[in-house]
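Structural characterization, general
Now for the letters of each chain:
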There are 2 protein chains.
Amino acid sequence: MAVTIKDVAKKANVSISTVSRVINDSKPVSDEIKHRVLKVIEETGYTPNPVARSLVMKKSQLIGVVVPSISNFFIGEVLNGIEEIGKMYNYDILLCNTYGELNQELRYLNLLKSKQVEGIIFMTWELKEEHKEFFNKEDIPIVMINRDTSEFNITSVSIDHQKAAYEMTKYLIDKGHKKIALIRGRIENYVFGIDQYKGYAKAMEENNLEIDQRLIKNCEFKLELAYEAVQEMIEDDILPTAIFATADSMAFGAINSLIDSGYKVPEDVSVVGFHDIKLASIYRPKLTTIRQPLYDIGAVSIRAIVKKIKGEEIEENIFVLPHELIERDSCKSIK
Amino acid sequence: MAVTIKDVAKKANVSISTVSRVINDSKPVSDEIKHRVLKVIEETGYTPNPVARSLVMKKSQLIGVVVPSISNFFIGEVLNGIEEIGKMYNYDILLCNTYGELNQELRYLNLLKSKQVEGIIFMTWELKEEHKEFFNKEDIPIVMINRDTSEFNITSVSIDHQKAAYEMTKYLIDKGHKKIALIRGRIENYVFGIDQYKGYAKAMEENNLEIDQRLIKNCEFKLELAYEAVQEMIEDDILPTAIFATADSMAFGAINSLIDSGYKVPEDVSVVGFHDIKLASIYRPKLTTIRQPLYDIGAVSIRAIVKKIKGEEIEENIFVLPHELIERDSCKSIK
DNA sequence: TTGTACGCGTTATCAC
DNA sequence: GTGATAACGCGTACAA
């Protein structure tokens, strides 16, 4: 049986209140007694029971994190940040994996609430009305990662997708490309597909380049769909000189599609991605892409949660972190 | 303020014990009252406070999972299994990320204990004396993943590395390869490097093939080291016809090394891996490798933990799961 | 079948 | 500066 505060009190010949005071140094205790208690704690190896503490403090020191997949590099890296910084603030992470299924998400959200978590960091592929309903109903601190929450009152953290897409498109244009395909994820449900398209379109228009709608493909972030999308371009004989995929996975789908059809990257077609997953620097050719500060996204998220828990006002509701264009070998100049 | 069991009792005109009985159906309750209580619970949206429950039951319904990295496909996939099956048994996962640092690992192990977790699933790159000490001292259920625990009394789950290595080597030999390099991870600290070597050696010897020690490299599972190891082979002019890396990441290091030096895979050199990470089927050429049932490893681990928690005897202490040789495009026959 | 009362390990509010 | 004691929300002997 674990040693409790009572045991310590008895052994040190003091009251439990005194023991409580020295472990929390909530109130002054005479040096002599303090040392005596400390010694007993040392001897017995006593550690306060966090469950009992939670009960009276009404605090669990738990933060719920719900993600659509754990075995995903993007999410894993974000989790690293959440976990590490969370521990710094003495918070533990309760992990929930939803596979992106709405039912699971809703179930976990409610589960976490009943587990008395003090805050929730939420990631999903699709933000829906049902989510918003939950967030509005509960007054528990929430932070969303990489979702567009500008239309409603939820804190979010992400990069500036429009700017990033603009920069990447501009980069391709500067390399002499005029026919540039855009392979993107979903555009509905508050994802950043629209922003990315805007950035792409802005760069194209600024340079008087025509946007060929046949080269704009929605592939739901799936490698296979990107593969097929490029196959279609090949069949339709409208293969561009450059392909901009808004996720590295889709970029690899595109590259594989090209390779499998006998094309060379970047000699025949340039391909660039978005995310800079690990694979991006392992694959040959190494992928030119946009790097997001994944670890920092996690870190900023949990910091925002902690601030909210403490009741501190946070300066901004939408955190925008810096990105970076990583130039590697999958894009060539055709000027 | 959240609604408590007391509120429900009052509103339903019964005692709290009765309410407790209906939510746990621990003892018979008359149908009429049961329905009345259920209705009140429904109306008020009452959910039992798990913290209070934990306190009295001395159970947290929490399982600690400590891993050396989250942003790792292997681990992520195992976590999926742990998480999903855990939830099935009504257990939550407390996630700890150690970066493989001993201090962090020990700290988290103790932290988890004080958090009253009911069991711990432990993954580490290196199993050390300090770990074993902890495990021996505490009587909390422990399961280790992919570590060789045959020498001491800790439950573990993994595949049969020796057999898998044997099969893969045999596969290469059957393809006509005679000079086969082995790029492996660490061999000390109860990792499976030794078993893999044994499997490799057995296959070589059975076929009267000489083992060239210059072709056995320890690369600590690191892509970069494997890259260099192959560079060395090239410089020393001892390039074999096949390379067996005991981790896909190292296989990719080897392949990149080859490609960057002008060799073709598998035309000039065949390369096979171990793990079947996602990348293995994305990379070109697609990698021939050994697939481990990652999800199942997680699932079996947590099932073992749950059994231990319940005090049920588990049949075996070392769980060995089946593996599979996945034949793809990175190996060619040279017969 | 139902209700009363106690205890789980802590913190916080009082007195002293 | 220190010590009783009442909460916190729940499960469960025990009594009725």
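Residues numbered from 1 in each chain as written. Chains lettered and ligands numbered in written order. Predicted model: local features only at pLDDT ≥ 70, side-chain atom pairs only at ≥ 80, totals over all residues. Heavy atoms only, no water.

Looking at an unreviewed UniProt entry, one finds chain A named Transcriptional regulator, LacI family and attributed to Maledivibacter halophilus.

**What to know about the protein's contact with DNA strand C**
For the record, the criterion: We call a residue near a molecule or strand whenever a single non-hydrogen atom of that residue lies within 4 Å of it. Any pair of N or O atoms that falls within 3.5 Å is considered a polar contact. Within protein, one atom must be able to donate a hydrogen and the other to accept it, and sequence-neighbouring residues count only if both atoms are side-chain atoms. Helix and strand definitions here come from DSSP, where helices need a minimum of 4 consecutive H or I residues and strands a minimum of 2 consecutive E residues; each element is numbered from the N-terminal end. Residue classes follow a fixed rule: Ala, Val, Leu, Ile, Met, Phe, Trp, Tyr, Cys and Pro count as nonpolar, while Asp, Glu, Lys and Arg count as charged, and any other residue, Gly among them, counts as polar.
Around DNA strand C sit 31 residues, and of these Ile5 of chain A together with Ser17, Arg21, Ser30 and Ile33 of chain B come closest. Between a phosphate oxygen of DNA strand C and a side-chain N or O atom of Arg53 of chain A, the distance comes to 2.9 Å. Note that a phosphate oxygen of DNA strand C is positioned 2.9 Å from one of the side-chain N or O atoms of Lys58 of chain B. Elements with a contribution of two residues or more to the surface near DNA strand C: α1 (5–12), α2 (16–24) and α4 (50–57) of chain A together with α2 (16–24) and α4 (50–57) of chain B. Among the residues forming the surface near DNA strand C, the class breakdown is 16 nonpolar, 10 polar and 5 charged.

**A closer look at the packing of aromatic side chains**
All names here are of chain A. Applied cut-off: Ring pairs are drawn from Phe, Tyr and Trp, using the six-membered ring of Trp, whenever the two centres fall within 6.5 Å, and their geometry is named by plane angle: stacked under 30 degrees, edge-to-face over 60, tilted for the rest. Classification of residues uses two cut-offs on accessible area relative to the type maximum, computed with a 1.4 Å probe and protein chains only: under 20% is buried, over 50% is exposed, and between them is partly exposed.
What the rule picks out here adds up to 11 aromatic pairs over all chains. Both rings, one in Phe122 and one in Phe135, keep their centres 5.4 Å apart while their planes meet at 70°; by these two values the pair is edge-to-face. Within this pair, whereas Phe122 is found in strand β3 (residues 119–122), its partner Phe135 is found in helix α7 (residues 129–137), the two being separated by 13 residues in sequence. For the pair formed by Phe122 and Phe135, the shared burial category is buried.

**Focus on the sheet that holds strand β6 (residues 180–184) of chain A**
All names here are of chain A. The test is simple: We treat two strands as partners when DSSP finds at least two bridges between them. Axis angles are defined between N-to-C directions and span 0 to 180 degrees, where every axis is a line fitted to C-alpha atoms and, for a helix, only to the segment in contact. In what follows, residue pairs with any heavy atoms lying within 4.5 Å of each other are defined as contacts.
Reading across from one edge, β7-β6-β8-β9 is the order of the 4 strands in this open sheet, with parallel pairing throughout. Looking along the sheet, the strands with just one partner apiece sit at the ends: β7 (216–218) and β9 (270–272). When the angles between neighbouring strand axes are averaged without regard to direction, this sheet yields 15°. This element, helix α10 (residues 223–235), spans β6, β7 and β8 (242–245) of the sheet and lies at about 150° to β6. Of the strands in this sheet, β6, β8 and β9 touch helix α11 (residues 248–260), which is tilted by about 160° from β9.

**Structural notes on the UniProt feature "domain: HTH lacI-type" (unreviewed entry) in chain A**
Let me state the cut-off plainly: UniProt positions are given in the numbering used here, feature names are shortened, and annotations may be inferred rather than shown by experiment.
Sites flagged by UniProt as "domain: HTH lacI-type" (unreviewed entry) map to residues 3–57 of chain A. Measuring from the first to the last C-alpha atom of residues 3–57 of chain A gives 21 Å, for a span that is 71% helix and 0% strand.

**Focus: the sheet that holds strand β9 (residues 270–272) of chain B**
Residue and element names in this part refer to chain B. Strand order in the open sheet formed by 4 strands is β7-β6-β8-β9, with parallel pairing between adjacent strands. Of all strands in the sheet, those with a lone pairing partner are β7 (216–218) and β9, marking the two edges. Strand-to-strand, the axes of this sheet are offset by a mean angle of 15°, without reference to chain direction. Where strand β6 (residues 180–184) meets β7, 3 bridges bridge the pair, whose relative direction is parallel. Note on β7: the bridge partner recorded for Leu182 is Ile216.

**Side note on the packing of α4 of chain A against α4 of chain B**
Short version of the rule: Oblique is the label for every angle not falling under 35 degrees (roughly parallel), over 145 degrees (roughly antiparallel), or within 65 to 115 degrees (roughly perpendicular). Crossings are classed by handedness, with left-handed meaning an anticlockwise turn of the near helix from the far one by less than a right angle and right-handed meaning a clockwise turn.
For the pair α4 of chain A and α4 of chain B, the least separation of the axes is 9 Å and the interaxial angle reads 140°. Here α4 of chain A lies oblique to α4 of chain B, going by the angle between them. Between α4 of chain A and α4 of chain B lies a crossing whose hand is left-handed. Side by side, α4 of chain A and α4 of chain B meet where Val51, Ala52, Ser54 and Leu55 of chain A of the first sit next to Val51, Ala52, Ser54 and Leu55 of chain B of the second. Of the residues assigned to the contact of α4 of chain A with α4 of chain B, the class counts are 6 nonpolar, 2 polar and no charged.

**Here's the deal with unusual backbone geometry**
Along the chain, Val265 of chain A connects to Pro266 of chain A via a cis peptide bond; the corresponding omega equals 5°. Here Pro266 of chain A shows up in the loop between α11 and β9. Of the consecutive residues Arg284 of chain B and Pro285 of chain B, the connecting peptide bond is found in the cis state with omega at 0°. Phi at Phe221 of chain A takes a positive value of approximately 65°, unusual for a residue other than glycine. As for its placement among the helices and strands, Phe221 of chain A is situated in the loop between β7 and α10. For Phe221 of chain A, a relative accessible area of 30% translates into the label partly exposed.

**Regarding the protein's contact with DNA strand D**
Not every one of the 29 residues close to DNA strand D is listed here, only the nearest: Thr18, Arg21 and Ile33 of chain A together with Ile5 and Arg53 of chain B. Per the 4 Å cut-off to the protein, sugar and phosphate atoms form 64% of the nearby atoms of DNA strand D. Within the side chain of Thr18 of chain A, one N or O atom sits 2.5 Å away from a phosphate oxygen of DNA strand D. Within the contact set of DNA strand D, a phosphate oxygen lies 2.7 Å away from a side-chain nitrogen or oxygen of Arg53 of chain B.

**Some details on helix α13 (residues 294–309) of chain B**
All names here are of chain B. Heads up, the rule is: Given the number of residues in a helix, its expected span is that number minus one, multiplied by 1.5 Å.
Between its terminal C-alpha atoms α13 stretches 23 Å, which fits the 22 Å expected from 16 residues at 1.5 Å a residue. Of the positions making up α13, those classed as buried are Leu294, Ile297, Gly298, Ala299, Val300, Ser301, Ile302, Ala304, Ile305 and Val306. One or two steps after α13, the chain reaches Gly311, where phi turns positive at roughly 80°.

**Overview of the relation of the copies chain A and chain B**
Here is the rule we go by: The fit set for superposing copies consists of C-alpha atoms from residues with pLDDT of at least 70 in both; the fit itself is least squares.
Its rotation angle being 180°, the transformation that places chain A on chain B also includes 0.1 Å of axial translation and leaves an RMSD of 0.2 Å. Classification of the inter-copy transformation places it as that of a two-fold axis. In terms of C-alpha distance to the rotation axis, chain A has Leu94 of chain A as its closest residue, with the C-alpha 2.6 Å off the axis.

**Here's the deal with the pairing of strand β1 (residues 62–67) of chain B**
All names here are of chain B. For clarity, the threshold we go by: Seen with its strands pointing away from the viewer, a crossover is right-handed when the path leading from the first strand over the helix to the second is clockwise.
Counting buried positions along β1 yields 6 of 6 residues, so the element is predominantly enclosed. Pairing analysis gives 6 bridges linking β1 to strand β2 (residues 92–97), with the strands arranged parallel. Directly across from Val65, in β2, lies its bridge partner Leu95. For the crossover that starts at β1, traverses helix α5 (residues 73–88) and ends in the parallel β2, the hand is right-handed.

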